[in-house]
Amino acid sequence: NAGVTQTPKFRVLKTGQSMTLLCAQDMNHEYMYWYRQDPGMGLRLIHYSVGEGTTAKGEVPDGYNVSRLKKQNFLLGLESAAPSQTSVYFCASKQTGTRGAEQYFGPGTRLTVT
Amino acid sequence: AQKITQTQPGMFVQEKEAVTLDCTYDTSDPSYGLFWYKQPSSGEMIFLIYQGSYDQQNATEGRYSLNFQKARKSANLVISASQLGDSAMYFCAMREGQGFQKLVFGTGTRLLVSP
């Protein structure tokens, strides 16, 4: 099983460029999440989705957009990258119906904005 | 206000000894859950253990146990018989309520296990 995969693994952008990070999961999970991880700050939720066609803002949504056109995919977009968006980005997914069910994480994408 | 607090930036332990990683939380919701994740140097997030607020007993998963003290709002992770492979960052996280379950993470504790 692939679980949660993220594309790309690494990316370097110049300020003002745009890009899309792709997250895919093969576990038929309803819930999907995008986090960013910065040194000393743990993981912070950017956007999330509770099902196909639905998205909502998390703790740090500014500068990002998301789409969930298919249940298995969750896309994170940066329209105009800024150095403050240099971070490691994690996607996660979770099944519904079980309060204790953990979130499954992808391997992460390391993004550097110069 | 910080919802999850991990006060130990770094911890050291010798192989085969037990170690406790601290986590305190803040919530007014009677229904919540606490998670611990491990992040080795390779970067992936690995789920370790879960404790629900209504669970009567402390959770255990192999060498991992969660020392849940509800009145103190603490959910410390205990690793018994540490191994070199336990060297990693450890994150405590909380979900509140019974909705779709957002997680709030602490800042993590780096554990180093020495031979």
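One can find the structure itself at the top, above this paragraph.
In this text the structure is predicted, and so the values were computed from the model without any measurement. Residue positions are given per chain, counted from 1 along the sequence in the order it is written. Key to labels: chains lettered from A, ligands numbered from 1, both in the order written. Two thresholds apply to this predicted model, a pLDDT of at least 70 for residue-level local features and 80 or more for giving and counting side-chain atom pairs, whereas whole-chain, interface and lining totals are computed over all residues. Processing note: side-chain calculations cover all non-hydrogen atoms of the structure and skip hydrogens and water entirely.

## Some thoughts on the side chain of B:Gln51
All names here are of chain B.
Then, number 1: By the secondary structure assignment, Gln 51 is in strand 6 (residues 46-52).
Then, number 2: The term polar contact refers here to a pair of N or O atoms within 3.5 Å; inside protein, the definition further demands a hydrogen-donor-capable atom paired with an acceptor-capable atom, and it admits residues adjacent in sequence only when both atoms are side-chain atoms. Polar contacts involving the side chain of Gln 51 include one to the main-chain carbonyl oxygen of Gln 57, which spans 3.0 Å.
Then, number 3: Whether two residues touch is decided by their heavy atoms; if any such pair falls within 4.5 Å, the residues are in contact. Once residues lying within four places of it in the same chain are set aside, the contact partners of Gln 51 are Tyr 32, Gly 33, Leu 34, Gln 57, Asn 58, Ala 59, Leu 66 and Phe 68. Every helix listed is a DSSP run of H or I at least four residues long, and every strand listed is a run of E at least two residues long, numbered separately from the N terminus.

## Concerning the pairing of strand 4 (residues 31-37) of chain A
Residues and elements named next belong to chain A.
Then, number 1: Relative accessibility thresholds used throughout: buried, under 20% of the residue-type maximum; exposed, over 50%; partly exposed, between the two (1.4 Å probe, protein chains only). Of all seven residues that make up strand 4, seven are buried, and the element is covered over most of its length.
Then, number 2: In strand 4, alternate side chains face the same way, and those of Tyr 31, Tyr 33, Tyr 35 and Gln 37 on one face and Met 32, Trp 34 and Arg 36 on the other are all buried.
Then, number 3: Where strand 4 lies against strand 9 (residues 87-94), seven bridges are found, and the strand directions are antiparallel. Bridging across to strand 9, Arg 36 finds its partner in Tyr 89. When DSSP finds two or more bridges between a pair of strands, those strands are recorded as paired.

## Section: the layout of surface pockets
Then, number 1: The method works on a 1 Å grid over the protein atoms by themselves. A cavity is a set of points holding a 1.4 Å probe that cannot get out, a pocket is an open set with protein on both sides within 12 Å along at least five of seven lines, and residues with an atom within 4 Å of a point line them. Grid points are joined across faces, edges and corners, and a volume is the space filled by probe spheres set on the points. There is about 630 Å³ of room inside the largest pocket.
Then, number 2: As for the largest pocket, its lining consists of 28 residues, and the residues nearest its centre are A:Gln37, A:Val88, A:Arg110, B:Gln39 and B:Gly43.
Then, number 3: Ranked by residue count, the leading element in the lining of the largest pocket is strand 11 (residues 109-113) of chain A, at four residues.
Then, number 4: In this classification, Asp, Glu, Lys and Arg are treated as charged, Ala, Val, Leu, Ile, Met, Phe, Trp, Tyr, Cys and Pro as nonpolar, and every other residue, Gly included, as polar. Looking at the lining of the largest pocket residue by residue, the classes come out as ten nonpolar, 14 polar and four charged.

## Remarks on unusual backbone geometry
Then, number 1: Here A:Thr7 and A:Pro8 are connected by a cis peptide whose omega angle stands at -5 degrees.
Then, number 2: The residue A:Pro8 is located in the loop between strand 1 (4-7) and strand 2 (10-13) in this model.
Then, number 3: The residue B:Lys73 is not glycine, and still its phi comes out positive at about 55 degrees.
Then, number 4: With respect to the helices and strands, B:Lys73 occurs in the loop between strand 8 (64-69) and strand 9 (74-79).
Then, number 5: For B:Lys73, a relative accessible area of 30% puts it in the partly exposed group.

## Remarks on the side chain of B:Ser74
Then, number 1: Inspection of the secondary structure assignment puts B:Ser74 in strand 9.
Then, number 2: Beyond its immediate chain neighbours, meaning those up to four positions away, B:Ser74 contacts B:Cys23, B:Thr24, B:Tyr25, B:Asn67, B:Phe68 and B:Gln69.

## Overview of the environment of B:Phe68
Residues and elements named next belong to chain B.
Then, number 1: With respect to the secondary-structure elements, Phe 68 resides in strand 8.
Then, number 2: With relative accessibility at 12%, the residue Phe 68 sits in the buried group.
Then, number 3: Along the primary structure Phe 68 and Phe 35 are separated by 33 residues, whereas in three dimensions their C-alpha atoms are 11 Å apart.
Then, number 4: Residues in contact with Phe 68, not counting those within four places in the same chain, are Tyr 25, Tyr 32, Leu 34, Gln 51, Gly 52, Ser 53, Asn 58, Ser 74 and Ala 75.

## Section: the interface of chain B and chain A
Then, number 1: Between chain B and chain A, the residue contacts involve 19 residues of the former and 20 residues of the latter.
Then, number 2: Buried area counts how much accessible surface, traced with a 1.4 Å probe, disappears from two parts once they are put together, with both parts' losses summed. With both sides pooled, the region where chain B packs onto chain A buries about 1700 Å², and carbon together with sulfur makes up 60% of that total.
Then, number 3: Think of a salt bridge as a Lys or Arg side-chain nitrogen and an Asp or Glu carboxyl oxygen that are within 4 Å of each other. At the surface where chain B touches chain A, the tally comes to zero salt bridges.
Then, number 4: Among the elements of the structure, strand 5 (32-39), strand 6, strand 10 (88-96) and strand 11 (103-105) of chain B are those that each provide at least two residues to the side of chain B that touches chain A.
Then, number 5: No other element matches the three residues that strand 5 of chain B contributes to the side of chain B that touches chain A.
Then, number 6: Within the side of chain B that touches chain A, the residues separate by chemical class into ten nonpolar, seven polar and two charged.

So, to be careful, I would describe these as geometric facts and stop short of saying anything about function.
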